[in-house]
Amino acid sequence: MDKLNIDQHISQQYNAVLDDLKTEFLEMGGIVEQQIIDSVKAITKLDTELAEKVLSIESKVDDREMALDDLCVQIIARRQPTASDLRLVMSISKATRDLERMGDEAKKIAQMAILISENGEMLDGFGELKNLGRRVQQVVSDTLTAFARYDVNTALQIAEEDKAIDEEYDIAMRVLITYMMENPRNISRAMNITWALRALERIGDHAENIAEHIIYLVKGLDVRHKTISEMEEEVRPEK
Amino acid sequence: MDKLNIDQHISQQYNAVLDDLKTEFLEMGGIVEQQIIDSVKAITKLDTELAEKVLSIESKVDDREMALDDLCVQIIARRQPTASDLRLVMSISKATRDLERMGDEAKKIAQMAILISENGEMLDGFGELKNLGRRVQQVVSDTLTAFARYDVNTALQIAEEDKAIDEEYDIAMRVLITYMMENPRNISRAMNITWALRALERIGDHAENIAEHIIYLVKGLDVRHKTISEMEEEVRPEK
Amino acid sequence: MSLSALFVLIMLGATVIYVLGRSRSLVLANNLGGIRHLHSLPLYYGAQAALWCLIPCLSLLALWVAFDDSIIRQIAIQYLPEDKQNLSSQELALLLNTIENIAGGVTSLQASPEMQAIADRVVGLRQLSSTILSAIVLSSLVLLGALGWSKVKPEYRARNSVEKTFMIFLLACSTLAIFTTVGIVFSVLFESIRFFDIIPLTDFLLGTQWSPQTAIRADQVGSSGAFGAIPLFTGTMLISFIAMVIAVPTGLMTAIYLSEYANNKIRAIVKPMLEVLAGIPTVVYGFFAALTVAPMIKDALHGLELSILSFSIGPLDVSGESALAAGLVMGVMIIPFVSSLSDDVINAVPQSLRDGSYGLGSTQSETVKKVILPAALPGIVGAILLAVSRAIGETMIVVMAVGTAARLTANPLESVTTVTVQMTTLLIGDHEFDSAKTLAAFALGLVLFVITLGLNFFALRIVKKYREQYD
Amino acid sequence: MTDKKISTIDLVNKNLKKRYRAEKRFQAYGILSICFGLMCLVFLFTDIISKGTRGFFYHYLPIEIHLDAEILGITDTNDINQILAADYSTLVKKRVYEIFEAKKRKEKKNARKLIAIDATGYRIQALLKTNAAALLGTTITVNALVDDKVDFYLKRLGEKGDPGTEYFNEAQLLLIGQLLEREEGGITKSLNKTFFTSGDSAQSEEAGILSAFMGSLYLLLVTFCLSFPIGIATAVYLEEYAPKNKWTDLIEININNLAAVPSIIFGLLGLAVFLAFFGFPRSTPLVGGFVLTLMTLPTIIISSRAAIKAVPPSIREAAYGIGASKMQVTIHHVIPLAMPGMLTGTIIGLAQALGESAPLLMIGMAAFIPDIPTSVTDPSTVLPMQIFQWFRNADAGFSEKASAAILVLIIFLVMMNALAVWARSRLERRW
Amino acid sequence: MNVQEAIVENNTITDVNDIKETVGIPLVENAKMSMRDVDVFYGEKQAIFGVNLDIGVNEVIAMIGPSGCGKSTFLRCLNRMNDTIEICKVNGQLHLEGQNIYDPKLDVVPLRARVGMVFQKPNPFPKSIYDNVAYGPRIHGLAARRADMDEIVETSLRKAGLWEEVKDRLHQPGTGLSGGQQQRLCIARTIAVSPEVILMDEPCSALDPIATAKIEELIDELSENFTIAIVTHSMQQAARVSHRTAYFHLGKLVEVNETEKVFTNPDHSLTEAYITGRFG
Amino acid sequence: MNVQEAIVENNTITDVNDIKETVGIPLVENAKMSMRDVDVFYGEKQAIFGVNLDIGVNEVIAMIGPSGCGKSTFLRCLNRMNDTIEICKVNGQLHLEGQNIYDPKLDVVPLRARVGMVFQKPNPFPKSIYDNVAYGPRIHGLAARRADMDEIVETSLRKAGLWEEVKDRLHQPGTGLSGGQQQRLCIARTIAVSPEVILMDEPCSALDPIATAKIEELIDELSENFTIAIVTHSMQQAARVSHRTAYFHLGKLVEVNETEKVFTNPDHSLTEAYITGRFG
Ligand SMILES: Nc1ncnc2c1ncn2[C@@H]1O[C@H](COP(=O)(O)OP(=O)(O)OP(=O)(O)O)[C@@H](O)[C@H]1O
Ligand SMILES: Nc1ncnc2c1ncn2[C@@H]1O[C@H](COP(=O)(O)OP(=O)(O)OP(=O)(O)O)[C@@H](O)[C@H]1O
Ligand SMILES: [Mg+2]
Ligand SMILES: [Mg+2]
Ligand SMILES: O=P([O-])([O-])[O-]
């Protein structure tokens, strides 16, 4: 015990299983990320094929969620994790839900893409959708990277970014409502875009949730329902 | 060991702490239920005061959520729960999130209530809102009772009821869109009602999630992402 | 008052003081509201008070008894006429003895009147001394008792001081072993030195001729024979060797069989039966060896022609006091030493080692040979060494069954003699402390002591070195 | 992997036969050893018992004898001195001559050799001592003791080679034959009471073990009273109190060494220290007890220490943990729990002391002491010493007595052990 | 209503006398050892009641249960270590690869070479480390030459994860090792005769948590080549190391299931009560 | 990057020599016992290095750490049980309610009556159950009359949760009880002298899980009236029973914190490594 081999459990299997957990989570994250990218593309390009693909993947995400949850329960039952291990398991158990919800939202966007393309025509508000889509894609990608790297700083940035996304969403909504007032006949289709925007906003929220879990995982601090400045203060008390 | 005293842990403290966990959860459920009732009342009666109350309670719910999560982590770290105990902790840890989201949705309804009442006038679609509100309230109340009683049958009924709510929501939406098309000037306010309807629908979904957790807790079966008939089959294989 | 009466009185007094001290402390405790307010339990207050008078009184008694005789003697010498006071110390001692005898009332002696007078005065002195002793002891008993009693106070640390006394007593007892060793060394050392003044050490240790009784060189002063101890030691070794040949394999195998193979019933019967062999006094063995075994051997083997292949060594000549008989009997006597001690160490080998071995699929004898014996080896070696020193030091068997003829031989059928035999024969009945003959016994004693010391030292080292290997 | 496994089992099976043969041999050695030990025991005991029981009996010739005051030379029946000094042998001799109808010198001599004259005289003396006035002048029947050689011969009648015949001439053998054939008043064999009631004697017929027995008893008493408390105190000190340092190491080495010092050396110690230096009286149980105390102490100390060590430290810790002081721990827990083991050591030590003789030789307990001791400071001998003495005596009667004394000694030992085992079993507790 | 009650509603066996059959999956295909209707008696007293169980090839099966429920007794049947207890009597069919273990004609010596055992307290022989490991191969005559023996010793120690720690002091006494190392030495000693099954009776109960973790890690690795049956008092340990877990209760085998299942959702209420700490 | 690495980024003490100060909350207000700069030596060898720790009133404090880290040594300082080991030397300030424990003038007997101890292996005296419990009160003279003693025995056994089980056989030997009952008897025996602090050195390591659970339950109840310091090898046990947990490492007190904190988010990386099973 002269030299502490601090980054490895004595049990290789435990290491392996925790590693598995994280990998599975990130893989699921990858799938969801792709779903989001595809769905945004589908709705902006009105690509129904891509939208169908997104829909078909949905059940895969669901299965992954259940598998991950099962894995978490098993780790708790068989390994009695404590401290960082426990936080890892609990964070993933919670973040999985967020990923699944992201996937759901992506599915909704894809559904809207199909509905809109059925009606055939481009509308206003697509510019906003594109912008928001880009930002959300970015934030999801950042979130997954931050999780993979246990990167608290990025996590904080993600929380900030989500606020920006929310603002952009509000603006887009206002634009859309104005549009609807002007073109009542297109309301039904505009509503579809509303839902898509709404879904993107939700995805951003879920990304923020995951970012909060990253902070919990690394720092052991529960920063949910806190403002950004409160968060920063807790996470970096010295500054 | 002649007579098995099967319903009590040897550790009284463990009993107490699990009891606490459940009680806290149900209390939080109670608060959220009240929030929902109040918000629905606020939006149907355009009672801003009530709506304000709902908003003010929100942070209480958030605190409860964090406290419950903390309790779950502590129980896992200190008591190494297994089997039904573990399932109880994990279910509550997940269901808490659903309760919190219900609270959020109630908040949104209350916000809409305030927005609508600012504009001063009654609209169509309130009938649907009322209906849906009643059903959702009922389903939330049923869910909490089922959890308190570990009642799998009710849980299954809740899942069915949620499907019905979804259908009703769709109808309400269609009615609302028609209304918007007819009264484009009222779109903005109609949108508020849309959001409220949408929130109610989400509350129903969350209630269904909790029902799924009840089934997991009691039967150890993960019935998420299953159709009702699949669920029933798994839960009551003999039938 | 007689000594024993005085002793009993002191004991009684101490008991009374104990009871008084104890009850006083109880009274104090009641006043304070419970025993817990006292420093110590009432028992200790009583004991403390009793010890306070017991120890000084008893030491006074012991000192008085030790010294009053010599003081009275000195005084008696003062009473003697001038001329007799200057007699040599030996004659003076004789004279004093006579006076003692007269004083003691031995009537057969014709006492001169002056002697009678002195004797009467000695008797008077004795009575005086005893009266004074009684007075002093009894008064100090009362005084010290009272003092001890008065020391009983709630805050007095009675327990601590009783415990200290207790420990000093234990310490004193434990030093006895050292005094014994010192005593042994000193009681043989001076005589041995005197012996080696007469006979050079080398002659003693290297000489092969032992005949203390007959004078070989008439011109030698103060000595009557040859004192080469080698034949004695070879004789001892021969007999011990025979004994060990019998005892070690038998004892060891017995121990193994009993602890590993035999079921509990057999073990419960056989073990104590064999232990009886160890409890039988050595005189009995000696008797048995001399009267039963030796004649038997003689009858059985005498005149037998032993032929090895075609080479015949002629008829055997068996001595009536053969080393074989003594060795055999000694071997039988030692069996239980080896078997019981080995049995204990074998049993002390943890069951887990056996389980370990059986679990690997070994047979019982493999387990015994390869696991249990090696594990128990230090203990077994210790047992054997103990048996060896027992054999070397054994006296009565050889005294009774072995001759006194010192012979340098390895033939077990001849008669030999041993160190212990010579020591007894040299010392019994002969109290002439100056002759080389008597002194030789002490020299033999010294050498024997050194040898067994060496053996035991060796045994201890072995046992220490390998002890606690398992566990 | 698989073919390696197969080969493993095959290899195991291949060697099995050989291993089982070794097993059988090994067991046989064990059984042989035990049989040998038991045989020795049986042989020893049958030998001792067959020889020893003879010693308890003696042959008597009932004779009628007229207590003639004149021959005895007693004038005043109240004068004890006269009765003690009376001439009994003449009286007995006369009567013996009559019985054997011995007239000639040679016949008289033959007859005299057949009856133990002096011993028979003592018997009459004993009778007179109690009631001289009434008995004097009457004719009484006395069980006259036959001579020890006659007794020896009679006890072995019919044995191969007629042992004992060599002691007698033709005429004497004839006389013995006559006595045996007598219908009434012939030789009888009965329990030899003298053996148990008197001390040693130069005459084997009169020799008894009482003095040696009492000597042994006193000796044991002294030894027990000294060695038991001192032994336990030492053991307790070493195990519970002593700091582990050079000094205690020294004590420990000394004790272990003393346990194996030849007993005869303790005799030398006693001789030099107690007799020569302190000037205690020779041949007394007191000094013997001192010597044997020193000798048995190591045994008691070692076994007591082992017993104390075997008291689980947890018990001590438990008591300390409640706040018991060291002495309380020792007296309340350690000593009671170790008592069975301590008793075992004491039994072994005392048994050894009882059977020990070599050191006692050195302090003069081998001297001829016929008187029965009444205190620990009276000169006395002890059983093993008595056996040794009798063994060395050439007289045929003595070796028989020695055998009988051995039986007594062994019975003594067994009883002592039984007592201690009983005491121990009452104290034994499990933990 | 308590969650327990809700769960046991349909499963009301709380009296052990009602236990008729083992729930879960006591039998497997491809069994290394299979036991049928095993009863064990100590004199008059029955300690094991009609146990049916299969142990699969290269499986780690854990046996848990309250003290005195017969875990050790059952385990010791599997290589007839119970033969050393005179009053112990075993009925039923116990097979090792189809061969009846309790066949009176069967020789226990080769059986024990095939079914090795590791005990509760580490019990290295008071010999050198080398000799400890070489003991088994030596008595069974497994190595013809010195070099073979060296190889057996090295591979065994390697498999037991001890080689690196002891390779420089193979000839020092095995008793000089720490508790955990001693236990690994005992495992190496058992492996050295290349058994097919290794039985372990509470192998970690005398060890501290770090040593325990190492042994558990080792069990994991060994399960690649050996079939392992382990008795343990630590439910957590059973949860960590085993593939299947068997729950004994008053001499009966109540439940055998996949370990994950046992610790998250056992089939029998007694199992549930035991693992959640509800006995008393 | 590993989660551990991420966590320890700012906390790079992995060499125990760098440990200067105990992290967390070693000191409390309202301390029953307080230790300052405690060093313990066994001869030349130092076993405890400058430990500062307070134990609060009616607190249960658990001490954990790898084998040989000095937990027992430290615990045994608290009632001077180390006095029985000759070579053991203790430096520093140890106070029980302001009174210096290692004051040379202080008598250990009353100290040990105030600070009782329960040991690893249940060690009832080979006496009756009654006498076991009555022994302490007897030597300290706590009961004047028989009735008082009866009462003390009964209340102590009640507090130890043993009364119902043994009330009908008070005069049967205490050694005839089961392991768990014996340990509770030992606790009753300690309570009987009404100590203020109870020290427990691995009190459950010889017990099966059910008996262990009962003792843990008992510790919980006792903490209402007594201050308890418990050494345990089972981290789970420490997690279950204690209010604060102290982590020792190579003789140093690395961290003391609320138990919840230690097991979910310890401050020191060494603590983290130990409780998550990362030593090796
Ligand atoms: N040698 C024996 N003689 C008589 N009965 C025994 C013997 N060994 C065990 N038993 C009894 O058999 C039953 C089962 O004992 P076993 O040792 O198998 O239990 P266990 O489950 O291993 O318990 P633990 O967890 O305490 O080791 C117990 O009731 C026990 O009393
Ligand atoms: N009597 C003793 N003599 C010498 N050194 C000792 C003694 N007792 C303990 N030590 C040493 O002191 C250190 C601390 O020992 P201690 O028994 O306190 O550890 P621990 O934490 O209780 O370990 P464990 O968990 O194994 O009980 C160890 O290095 C040990 O070797
Ligand atoms: Mg067992
Ligand atoms: Mg310890
Ligand atoms: O599931 P949500 O309603 O939280 O997106």
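Residues numbered from 1 in each chain as written. Chains lettered and ligands numbered in written order. Predicted model: local features only at pLDDT ≥ 70, side-chain atom pairs only at ≥ 80, totals over all residues. Heavy atoms only, no water.

Asks: It is not clear to me how the relation of the copies chain A and chain B should be interpreted in this structure. Could you clarify?
Replies: Copy one and copy two of the chain differ by a rotation about an axis and a translation along that axis. The two copies are related by a screw operation: chain A maps onto chain B through 180° of rotation and 0.0 Å of translation along the axis, at an RMSD of 0.0 Å. The relationship between the two copies is best expressed as a two-fold rotation axis. Same-surface contact between copies: 100% of interface residues of chain A are shared with the interface of chain B. (Least-squares fit on C-alpha atoms with pLDDT ≥ 70 in both. Contact = heavy atoms within 4.5 Å.)

Asks: I'm lost on unusual backbone geometry in this one. Help?
Replies: Most peptide bonds adopt trans geometry, and most residues besides glycine take a negative phi value. Positive phi, close to 45°, is recorded for Gln80(A), a residue that is not glycine. Tracing the backbone through its elements, the reader meets Gln80(A) in the loop between helix 2 (48-79) and helix 3 (83-119). (Helix = DSSP H or I, 4+ residues; strand = E, 2+ residues; numbered from the N terminus.)

Asks: What exactly am I supposed to notice about the site of ligand 1 here?
Replies: Residue and element names in this part refer to chain E. Lys45, Ser67, Lys71, Ser72 and Thr73 are the nearest of the 14 residues found near ligand 1. With respect to ligand 1, the side chain of Lys45 contributes an N or O atom lying 2.6 Å from an oxygen atom. For ligand 1, the accessible surface in isolation is 630 Å², of which the surrounding protein chains cover 65%. When residues of the shell around ligand 1 are assigned to their parent elements, the largest contribution, 3 residues, is made by helix 2 (residues 71-77). Here the residues of the shell around ligand 1 sort into 5 nonpolar, 6 polar and 3 charged. (Near = heavy atom within 4 Å. Polar contact = N/O pair within 3.5 Å; in protein donor to acceptor, adjacent residues only side chain to side chain. Areas by Shrake-Rupley, 256 points an atom, 1.4 Å probe, with all protein chains shown as cover. Nonpolar A, V, L, I, M, F, W, Y, C, P; charged D, E, K, R; others polar.)

Asks: How should the packing of aromatic side chains be read in this particular structure?
Replies: Overall, the coordinates contain 27 aromatic pairs over all chains when judged by the stated rule. Ring centres of Phe25(B) and Phe147(B) lie 4.5 Å apart, and the angle between their planes is 40°; on these two criteria the pair is classed as tilted. You can see Phe25(B) sitting in helix 1 (residues 12-45) and its partner Phe147(B) sitting in helix 4 (residues 126-149), a full 122 residues away along the chain. Comparing Phe25(B) with Phe147(B) shows no difference in burial state: the two are buried. Between Tyr247(E) and Tyr274(E), the ring centres sit 5.2 Å apart and the planes meet at 35°, which makes this aromatic pair tilted. With Tyr247(E) in strand 10 (residues 244-249) and Tyr274(E) in helix 11 (residues 269-275), this pair connects stretches of sequence that are 27 residues apart. (Phe/Tyr/Trp six-rings, centres within 6.5 Å; stacked < 30°, edge-to-face > 60°. Buried < 20%, exposed > 50% of the residue type's maximum accessible area, 1.4 Å probe, protein only.)

Asks: Looking at this model, I keep getting lost on the domain arrangement of chain D. Mind explaining?
Replies: Interfaces are frequently sized by the accessible area removed from exposure as the parts join. Residue and element names in this part refer to chain D. Looking at the assigned domains, one finds that chain D contains domain 1 (57-191) and domain 2 (210-429). One C-alpha centre belongs to domain 1, the other to domain 2; they are set 45 Å apart. With 6 residues of domain 1 in contact, the opposing surface of domain 2 contributes 4 residues. Together domain 1 and domain 2 conceal approximately 400 Å² of surface at their shared face, both sides included; 41% is due to carbon and sulfur atoms. When the area that domain 1 buries against domain 2 is broken down by residue, the three leading residues are Asp148, Phe152 and Lys155, summing to 63%. Taken together, the links from domain 1 to domain 2 amount to 0 salt bridges. The class makeup of the residues in the side of domain 1 that touches domain 2 is 2 nonpolar, no polar and 4 charged. (Domains from an automatic or database assignment. Buried area = accessible area lost by both parts, 1.4 Å probe. Salt bridge = Lys/Arg side-chain N within 4 Å of Asp/Glu carboxyl O.)

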